[in-house]
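Residue-level structure breakdown
Here is what each chain is made of, one letter per residue.
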Amino acid sequence: MGKDLRMRVLLMGLLLVFGLTTSASALEITQDIGGRIGTYIEKYASVATSNETVRIDGPCLSACTIALGLRLSQLCVTPKAVLGFHAAYDMYASLDNPNKSVQVTNHEATDLLLSTYPTAVKRWIQTHGGLTRKMIYLRGKQLEAIIPRCADQSNTFAHSLY
């Protein structure tokens, strides 16, 4: 992970701590399989400086879970919410077969992911074997013990994040 990504994480942290509240709308995550960490840091940076609520109403996997770096008061989950965690990795072309890719764990990026999570999530991850190549899922009552259930179960949210 490069210096640029570290700077974006620092910026997100500063926005979380010193951000001004500007909006009271809501965003919804319904089916997000994740992607590049830097992309998600950028997506959530503007949410961090607002009063927007992020409603997790389905799978939020991999880099999507960077949303947990927002204030817990900005997050809520529905019964369909599922968070999926795994170690961060980089993809490289295989030396044996250029048409194949090889996953290589990126320990620095994995530490970055962990640093965005609330203590209760870090504890849950640790008790479930830590972040490895295998996805682990947090859902149901265990998830609702960490992130509050959404008061409004309707689909009246302003727009979908993904």
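All figures in this text were calculated on a predicted structure; none of them were measured in a lab.

Once that is clear, we can look at the confidence of the model for the protein chain. Mean pLDDT over the protein chain: 83, with 78% of residues reaching 70 or higher. Here residues 14-23 is modelled with pLDDT under 50, and outside its nearest four sequence neighbours on either side it reaches 20 contacts, counting other chains as well. Throughout residues 155-160 the model reports pLDDT below 50, and contacts reaching past four residues in sequence, or to other chains, amount to 16 contacts.

So, about the packing of aromatic side chains. Scanning all chains against the criterion turns up three aromatic pairs. An angle of 45° between the planes, with centres 6.2 Å apart, marks the rings of Tyr40 and Tyr44 as tilted. On the criterion of helical spacing, the pair formed by Tyr40 and Tyr44 is a turn pair, its members being four residues apart in helix H2 (residues 37-48). Neither residue differs from the other here; Tyr40 and Tyr44 are each classed as buried. Clustering of aromatic rings is evident, with ring pairs tying together Phe85, Tyr117 and Trp124. Here the basic side chain of Lys43 rests over the ring of Tyr40, its NZ or CZ set 4.6 Å away from the ring centre.

Looking now at the sheet that holds strand S8 (residues 136-139). As summarised here, the arrangement of the three strands in space is S3-S5-S8, forming an open sheet in which the pairing is mixed. Since the sheet does not close on itself, it has two edges, and those belong to strand S3 (59-61) and S8, each with one partner. Going from strand to strand, the sheet's axes swing by 20° on average, the running direction of each strand aside. When S3 meets strand S5 (residues 82-85), the two strands line up parallel, connected through three bridges. Counted as the bridge partner of Cys60 is Leu83 from S5. On the sheet, helix H4 (residues 119-127) packs against S5 and S8 and is oriented at approximately 135° with respect to S8.

Criteria and cut-off values
Residues numbered from 1 in each chain as written. Predicted model: local features only at pLDDT ≥ 70, side-chain atom pairs only at ≥ 80, totals over all residues. Heavy atoms only, no water. pLDDT = per-residue confidence, 0-100. Contact = heavy atoms within 4.5 Å. Phe/Tyr/Trp six-rings, centres within 6.5 Å; stacked < 30°, edge-to-face > 60°. Helix = DSSP H or I, 4+ residues; strand = E, 2+ residues; numbered from the N terminus. Buried < 20%, exposed > 50% of the residue type's maximum accessible area, 1.4 Å probe, protein only. Lys NZ or Arg CZ within 6 Å of the ring centre and 35° of its normal. Pairing = 2+ DSSP bridges. Axes fitted to C-alpha atoms, helices over the stretch in contact; angles between N-to-C directions.

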